Amino acid sequence: MLVGCEGFLDERPDKSIVVPGSIDDLNLMLDNSEVLNFVPSLGVFSSDDIYFPIEAYNSLTNAVERNAYTWQPEIYEGEFPGDWRSCYQIVYFANVVLEKALEFLENEPDNAEIKEIVASAKFFRGLGHYNAVSIFAGQYDPADVEELGIPLKLSQNVLERPVRSTLGESYEQILMDLEDAVSDLPDFSAIKTRPSKYAVYGLLSRIYHSMGNYEMSRFYADSVLTGPYSLMDYNMFNSSILYPFERYNSEVVFHASLVHSATFSRVTTLVDSAMLNKYEDGDLRKSLYFIDRPTGKSFRGQYSGMFRWFGGIALDEMYLNYAEASIRLGQVEEGIEALNELLDHRYMAGTFESYTTESIDDPMSLVVAERRKSLIHRGVNWLDLKRLNREGIYGRVLRRIVDGVEYELLPDDPRYVFPLPMEEVILNNMEQNPR
């Protein structure tokens, strides 16, 4: 992707892109799910979602993945990170569509189809920028909004030299794009790779939750819970099928995949036994999410019906956002009720005993644990690690032993922020993240 002396932000990401000339062209660009419908995967490699036995680790050919797994200060070794490319390719596509759609809208200001295209482009630009800030910037804290954020690309003009915005400016732009998009999007989209009002609400809930704004997270999660989606009863699924869950199932609000890596599909890419032991008897997530491999168990419970790992917005995440936010805001019974509703659909019929305020001493610990178990391998664990570590109470130290060497990642360690590609730092005179 990098040619001559250009960085990714300074060139057209796909040289084959033709400038759109019609509304149909714009719709075709927005339906390019192979570009637009992705979320970062680097956080999965650095989180405790994933485990490599030494033979599997030694066989990793991708330096970025290998170094992310052991939290090395320098992880790229000359390779260009796919997550960065994906984030700003999404933003570029969105800007191309947005600028042309706004031109059309000048001549047809009441055209509902063009207004929806504008709204969809803003949704995807917000998604692309949020993907970037979640990986390449620090944890949001209202007391540290002047910390380094990300380059905000608000135009397709590659001659404009990008600069790093502050963390506060980055989130302000992301939220503004998404909030602007709501009014002109359909309530629901039967094609779940396309934006809808509910998709915006779900993404806003995820973003506000990651920011620690639990009142807004709860509000938007509740907005999704009133929508035309339903929890799946895990008793209805066959664990002998390689991928038990259908793509676009009844829980999926907006479909997106993690930026793909061939490593995800390897039989040697495992889940640590300590994580597996967190699932109780009767918990169907253990049999549906994981499959036996020669050296352990690997994950296969993605809501994609295929090898790609799901990273989109789904109803279970909204239940968990609502439950945690309710508990934090003092509405404990409502939070436990939401958690019970979710878990009743996850356990073998007749085995789940509902929680009550009297039966649990620490509702927060319970909901944090359930987030770990339900949202594994979606990229959400990385967001939770950054958020909970900053808050201090429910953070945790990550440790790995690789070939006899112990590696450790402490809460709020600067290695929770991935470095910018050196090409962008040098060519655009950007400040690099400390690591």
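My aim in this report is to walk through the structure given alongside it, one point at a time.

Rules used throughout
- Residues numbered from 1 in each chain as written.
- Predicted model: local features only at pLDDT ≥ 70, side-chain atom pairs only at ≥ 80, totals over all residues.
- Heavy atoms only, no water.
- Helix = DSSP H or I, 4+ residues; strand = E, 2+ residues; numbered from the N terminus.
- Rg over C-alpha atoms; globule rule 2.2 N^0.38 Å.
- Buried < 20%, exposed > 50% of the residue type's maximum accessible area, 1.4 Å probe, protein only.
- Contact = heavy atoms within 4.5 Å.
- Areas by Shrake-Rupley, 256 points an atom, 1.4 Å probe, with all protein chains shown as cover.
- Patch = residues over 30% accessible without salt bridge, like charges linked within 9 Å, V, L, I, M, F, W, Y side chains within 5 Å.
- Salt bridge = Lys/Arg side-chain N within 4 Å of Asp/Glu carboxyl O.
- Lys, Arg positive; Asp, Glu negative; His and termini not counted.
- Charge placed at Lys NZ, Arg CZ, Asp CG, Glu CD.
- 1 Å grid on protein atoms, 1.4 Å probe; cavity = no way out; pocket = protein on both sides within 12 Å on 5 of 7 lines; lining within 4 Å.
- Points joined across faces, edges and corners; volume = space filled by probe spheres on them.
- Nonpolar A, V, L, I, M, F, W, Y, C, P; charged D, E, K, R; others polar.
- Expected span 1.5 Å × (residues − 1).
- Phe/Tyr/Trp six-rings, centres within 6.5 Å; stacked < 30°, edge-to-face > 60°.
- Lys NZ or Arg CZ within 6 Å of the ring centre and 35° of its normal.
- Core = buried A, V, L, I, M, F, W, Y, C linked by side-chain atoms within 4.5 Å.

1. Some thoughts on the overall build of the protein chain
Then step 1. Helices and strands together make up the secondary structure of the protein chain, namely 17 helices and 10 strands.
Then step 2. For 435 residues, the compact-globule formula gives about 22 Å, and the C-alpha radius of gyration of the protein chain, at 21 Å, lands near that figure.
Then step 3. Principal-axis analysis of the C-alpha atoms gives the protein chain an extent of 60 × 50 × 45 Å.
Then step 4. Burial status across the protein chain gives 58% buried among its 435 residues.
Then step 5. Here the analysis covers contacts within the protein chain between residues at least 6 apart in sequence; of these, 71% occur between residues at least 24 apart.
Then step 6. Only carbon and sulfur atoms are counted for the fraction: they give 50% of the accessible area of the protein chain, which is about 17600 Å².

2. Here we look at a negative patch on the surface
Then step 1. There is a patch of like negative charges on the surface, built from E333, E337, E341, D344 and E358.
Then step 2. Residue position: E341 is located in helix α14 (residues 332-344).
Then step 3. In this structure E341 comes out as partly exposed when scored by relative accessible area, which is 36%.

3. Looking at the layout of surface pockets
Then step 1. Here the largest pocket defines a volume of roughly 440 Å³.
Then step 2. Taken together, 23 residues form the lining of the largest pocket, with D48, A274, R372, R396 and L398 sitting closest to its centre.
Then step 3. Elements represented by at least two residues in the lining of the largest pocket include exactly α11 (273-276), α15 (363-374) and β9 (398-402).
Then step 4. The residue makeup of the lining of the largest pocket, split by class, is 14 nonpolar, one polar and eight charged.

4. Comments concerning the pattern of salt bridges
Then step 1. Using the criterion set out here, one finds 30 salt bridges in the structure.
Then step 2. Close ionic contact of D187 with K197 constitutes a salt bridge, the shortest N to O distance being 3.7 Å. Remark: K197 occurs in helix α9 (residues 197-211) and D187 occurs in the loop between α8 (167-181) and α9; sequence separation between them is 10 residues.
Then step 3. Take K197: its relative accessible area is 15%, and that puts it in the buried class.
Then step 4. One salt bridge connects R218 with E334, and the closest N-O pair in it is separated by 2.5 Å. With a gap of 116 residues between them, R218 in helix α10 (residues 214-225) and E334 in helix α14 connect regions that are remote in the sequence.
Then step 5. The partly exposed category is assigned to E334, whose relative accessible area is 33%.

5. Considering helix α16 (residues 380-391)
Then step 1. Here α16 is 12 residues long and its end C-alpha atoms lie 17 Å apart, about the 16 Å a rise of 1.5 Å per residue gives.
Then step 2. Within α16, 10 of the 12 residues are buried, leaving the element largely enclosed by the surrounding structure.

6. Some details on empty space enclosed by the protein
Then step 1. Scanning the entire structure with this criterion turns up six cavities of 30 Å³ or more.
Then step 2. A volume near 180 Å³ is recorded for the largest cavity.
Then step 3. If you trace the largest cavity, you find 21 residues lining it, with V39, P40, N131, R206 and L383 closest to the centre.
Then step 4. Of all elements in the fold, only α7 (112-136), α9 and α16 reach the threshold of two or more residues within the lining of the largest cavity.
Then step 5. Ranked by residue count, the leading element in the lining of the largest cavity is α7, at six residues.
Then step 6. Of the residues assigned to the lining of the largest cavity, the class counts are 13 nonpolar, six polar and two charged.

7. Some remarks on unusual backbone geometry
Most peptide bonds take the trans configuration, and most residues that are not glycine carry a negative phi.
Then step 1. The phi angle at Y248 is positive, at roughly 60°, despite the residue not being glycine.
Then step 2. Take Y248: it is sitting in the loop between α10 and β4 (252-254).
Then step 3. Overall, the relative accessible area of 36% leaves Y248 in the partly exposed class.
Then step 4. The phi dihedral of D412 is positive, around 65°, even though this residue is not glycine.
Then step 5. Relative to the helices and strands, D412 is located in the loop between β10 (405-409) and α17 (422-427).

8. Observations concerning the packing of aromatic side chains
Then step 1. Within the structure shown, the criterion is met by 33 aromatic pairs.
Then step 2. With 6.2 Å between their ring centres and 85° between their planes, Y234 and F237 make a pair best called edge-to-face.
Then step 3. Accessibility expressed as a relative area gives 1% for Y234, which makes it buried.
Then step 4. With centroids separated by 4.8 Å and ring planes inclined at 35°, the aromatic side chains of W382 and Y416 adopt a geometry described as tilted. Taken as a pair, W382 in helix α16 and Y416 in the loop between β10 and α17 lie far apart in primary sequence, 34 residues in all.
Then step 5. By relative accessible area, Y416 is classed as buried at 4%.
Then step 6. Taken together, the ring pairs in this structure connect F45, Y234, F237, F245, F264, Y279, Y289, F290, F299, Y303, W309 and F310 into an aromatic cluster.
Then step 7. Above the plane of the ring of Y303 lies R378, whose end atom (NZ or CZ) is 4.8 Å from the centre.
Then step 8. A cation over a ring is seen here: R400 above Y69, with NZ or CZ 3.9 Å from the ring centre.

9. As for the nonpolar core
Then step 1. Counting 133 residues, the largest nonpolar core has F123, F124, I207, Y289 and F418 as its most contacted members.
Then step 2. The biggest single contributor to this core is helix α6 (residues 82-107), with 14 residues.
Then step 3. The residues contacting Y289, other than those within four sequence positions of it, are Y234, F245, Y279, S298, F299, R300, G301, R346, K373, S374 and I376.

On their own, these measurements won't tell you what the molecule is for.
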